[in-house]
Amino acid sequence: MKSKTVYLLFTDTGSYLSRLIHLYTREPLNHVSIALDRELTEVYSFGRKQPNNPFIGGFVKEDIFSPFLNQSRCEIYELEVTGKEYESIKTFIKNIEIDKDKYRYNFIGLFGIMMKIKITRQTAFFCSQFVATILQNVTSLSLTKDPYFTTPEDIRSAPNLKLVYEGVLLSYKDTMNIDPLSPTEQPSLSYISNF
């Protein structure tokens, strides 16, 4: 089966929670999402579900053109996976999407990272835990930590990632010839943003 590519989007939105996480990690990009396509029309993560309330979080399909995300500083990496791994990644995401109302943002897990305690919750993830869980069986990427302890920086510094863009997220469309106002693009049904 032919190899496929997935994309990892690392962002800094400048939100209050993002700044708090930065105080702990000292890293510039503290949110990670996974995309199934180069145009970033299928971007998934765990983050806030309502733009004005960081405490209601869960599984989100992110809109890179939303006002919350489009001015974010970001880095986008591509990762080559096998066809079988790509289908497995897609299935994992779609299964969570089907039951998305059961899933919550794993705030407690963030404290687990700080205290180095594994906190197991079946239907809750923080962003890097979600992405690391998806990628843990990808042979071309060797993540050395358990997903419960994986930070965005752990993923970003992993081998075999190829940086394809760095800058303001809205400007990525210029490198792709994407028109966010194009009538052929399906508009997002809800305002989705990350923490």
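Look above for the structure.
Just so it is clear, the structure is predicted and the values come from calculations on it, not from any experiment. (Residues numbered from 1 in each chain as written. Predicted model: local features only at pLDDT ≥ 70, side-chain atom pairs only at ≥ 80, totals over all residues. Heavy atoms only, no water.)

Engineer: I would appreciate a short explanation of the packing of helix α2 (residues 83-98) against helix α4 (residues 127-135) in the present structure.
Structural biologist: Working note: a packed helix pair is described by the angle between its axes plus the distance between those axes. Axis separation between α2 and α4 bottoms out at 9 Å; the angle between their running directions is 135°. Accordingly, the angle class assigned to the pair α2 and α4 is oblique. Residue-level contacts link I89, F92, I93 and I96 of α2 to F130, T133, I134 and L135 of α4. Counted by class, the contact of α2 with α4 contains 7 nonpolar, 1 polar and no charged residues. (Axes fitted to C-alpha atoms, helices over the stretch in contact; angles between N-to-C directions. Helix = DSSP H or I, 4+ residues; strand = E, 2+ residues; numbered from the N terminus. Parallel < 35°, antiparallel > 145°, perpendicular 65-115°, else oblique. Contact = heavy atoms within 4.5 Å. Nonpolar A, V, L, I, M, F, W, Y, C, P; charged D, E, K, R; others polar.)

Engineer: Explain the nonpolar core to me, please; I cannot follow it from the model alone.
Structural biologist: Side chains of nonpolar character tend, in soluble globular proteins, to be buried together. Counting 34 residues, the largest nonpolar core has I34, I89, I93, F130 and L135 as the members making the most contacts within it. Elements supplying a minimum of two residues to this core: β1 (4-12), β2 (31-35), β3 (43-50), β5 (73-81), α2, α3 (107-115) and α4. Those residues in contact with I34, other than ones at most four positions away along the chain, are Y7, L8, E42, V43, Y44, I89, I93, F130, V131, I134 and L135. (Core = buried A, V, L, I, M, F, W, Y, C linked by side-chain atoms within 4.5 Å. Buried < 20%, exposed > 50% of the residue type's maximum accessible area, 1.4 Å probe, protein only.)

Engineer: I'm lost on the environment of D99 in this one. Help?
Structural biologist: Residue placement: D99 occurs in the loop between α2 and β6 (104-105). Placed 24 residues apart in sequence, D99 and T123 show a C-alpha to C-alpha distance of 9.7 Å.

Engineer: Just to check I follow, could you spell out the packing of aromatic side chains for this structure?
Structural biologist: For any pair of aromatic rings, the description consists of the separation of the ring centres together with the inter-plane angle of the planes. The full count for this structure, using the stated rule, is 12 aromatic pairs. Aromatic side chains F46 and Y103 sit 6.2 Å apart centroid to centroid with 70° between the ring planes, which places their arrangement in the edge-to-face category. Note that F46 is positioned in strand β3 and Y103 in the loop between α2 and β6, a separation of 57 residues in sequence. We classify F46 as buried; its relative accessible area is 0%. Pairing Y103 with F125 gives two aromatic rings, centres 6.3 Å apart and planes at 20°, and the pair type is stacked. Taken together, the residues span a long stretch of sequence, with Y103 in the loop between α2 and β6 and F125 in strand β7 (residues 124-125) at a distance of 22 residues. The exposure classification of Y103 matches that of F125, with both residues buried. Put simply, the rings of Y44, F46, F59, F92, Y103, F125 and F130 pair up and form one aromatic cluster. We note K4 situated over the ring of Y86; from NZ or CZ to the ring centre the distance is 4.8 Å. (Phe/Tyr/Trp six-rings, centres within 6.5 Å; stacked < 30°, edge-to-face > 60°. Lys NZ or Arg CZ within 6 Å of the ring centre and 35° of its normal.)

Engineer: Looking at this structure, how should I read α3?
Structural biologist: Residue pairs spaced three or four apart in an α-helix point in one direction, given the helix's 3.6 residues per turn. Every buried residue of α3 is accounted for by G109, L110, G112 and I113. Angularly, the buried residues of α3 cover 155° about the axis, an arc narrow enough to put them on a single face. Backbone geometry just after α3 places K116 at a positive phi near 55°. (Arc of directions from axis to C-beta.)

Engineer: Teacher, can you tell me more about the side chain of S45 here?
Structural biologist: With respect to the secondary-structure elements, S45 resides in strand β3. Look past the residues within four positions of S45 in its chain and what remains in contact with it is H31, V32, S33, G58, F59, V60, E62, C127 and F130.

Engineer: Sorry if this is basic, but what is going on with unusual backbone geometry here?
Structural biologist: With the exception of glycine, most residues fall at negative phi, and the peptide bonds are largely trans. Despite not being glycine, K116 has its phi angle at roughly 55°, a positive value. For K116, the position within the fold is in the loop between α3 and β7. For K116, a relative accessible area of 66% puts it in the exposed group. Positioned with a positive phi, N160 is a non-glycine residue whose angle comes to about 75°. Mapping N160 onto the fold places it in the loop between α5 (152-156) and β8 (162-168). On the basis of relative accessibility, which here comes to 55%, the residue N160 falls in the exposed class.

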